[in-house]
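Structural overview for review
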Amino acid sequence: MDHNNILAVVLAGGRSKRFGRDKSQVKLGDKILIDYILTEIIDLYKDILIVTNEPIKFLNSNKIKKGLGPLGGVFSAMRWARHHKENYKWISTFPIDTPFFKKEHLIKFYKEINSDKSNLFFMKSKNTRHNIFGLWSLELFEKLEVALKRGDRKVELWANEIGVKTIDFEHENNKDPFFNINTKEDLENAKNILSND
């Protein structure tokens, strides 16, 4: 796929209820958590949009609704892409809490995608679909707008409704690229994994 047609979007607007505070700013090793994913993707895209619960300067903030969850973040990113960068055809979404995800996983993901087969693709490993690691066509914008207006919030349910293709991944060692940090216990496990490298 042509990376020039893809806007990278880091979804950092979660409430971190189980963790207790903003996960994106938590220190793991020598970096804060959000910097792990940014380090892996920074060289692949012209633009990276970080969607947070705080007002975003280049959007009309009184039109941005809070509490829409990840689907709302995807919609905000699509709207930005449509209004600011006409050449974007896709957005590629990433979470902020997966410190072991690497650039090579993303390259494999794109390589195996046939964009004629679907407007939505997610990564999958060990029979688990990773709904925030996705590639979304901007052609979904209107459908997503309708879904948000009727109250849809969950990525998984909406994706099932419109149809989604998955790209399977395997990992052989204990460093699962999709290991995500939801709790303080997960953070301690991540520290142990890093220290055993």
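Structure's up top.
Small disclaimer: the values here were computed from a predicted structure and weren't measured.

**Points about the pairing of strand S1 (residues 6-11)**
- Counting buried residues along S1, six of its six residues qualify, which places the element largely inside the surrounding structure.
- Of the two faces of S1, the one lined by Ile 6, Ala 8 and Val 10 and the one lined by Leu 7, Val 9 and Leu 11 are each fully buried.
- Here S1 runs beside strand S5 (residues 90-95); their pairing, made up of six bridges, is parallel. Across the sheet, Val 9 pairs through a bridge with Thr 93, a residue of S5.
- Summarising the sheet, S1 and strand S4 (residues 48-51) pair through four bridges and their orientation is parallel. The residue bridging Ala 8 from the neighbouring strand is Ile 48, located in S4.

**A short note on the pattern of salt bridges**
- The final tally for this structure, using the stated rule, is seven salt bridges.
- The salt bridge involving Glu 40 is made with Lys 102; its shortest N-O contact spans 3.7 Å. Residue Glu 40 is located in helix H1 (residues 33-41), and its partner Lys 102 is located in the loop between S5 and helix H3 (103-111); the two are separated by 62 residues in the primary sequence.
- The partner of Arg 150 in a salt bridge is Asp 152, and the shortest N-O contact between them spans 2.8 Å.
- What emerges from the salt-bridge pattern is a single network uniting Arg 150, Asp 152 and Glu 161.

Scoring rules and cut-offs
- Residues numbered from 1 in each chain as written.
- Predicted model: local features only at pLDDT ≥ 70, side-chain atom pairs only at ≥ 80, totals over all residues.
- Heavy atoms only, no water.
- Buried < 20%, exposed > 50% of the residue type's maximum accessible area, 1.4 Å probe, protein only.
- Helix = DSSP H or I, 4+ residues; strand = E, 2+ residues; numbered from the N terminus.
- Pairing = 2+ DSSP bridges.
- Salt bridge = Lys/Arg side-chain N within 4 Å of Asp/Glu carboxyl O.

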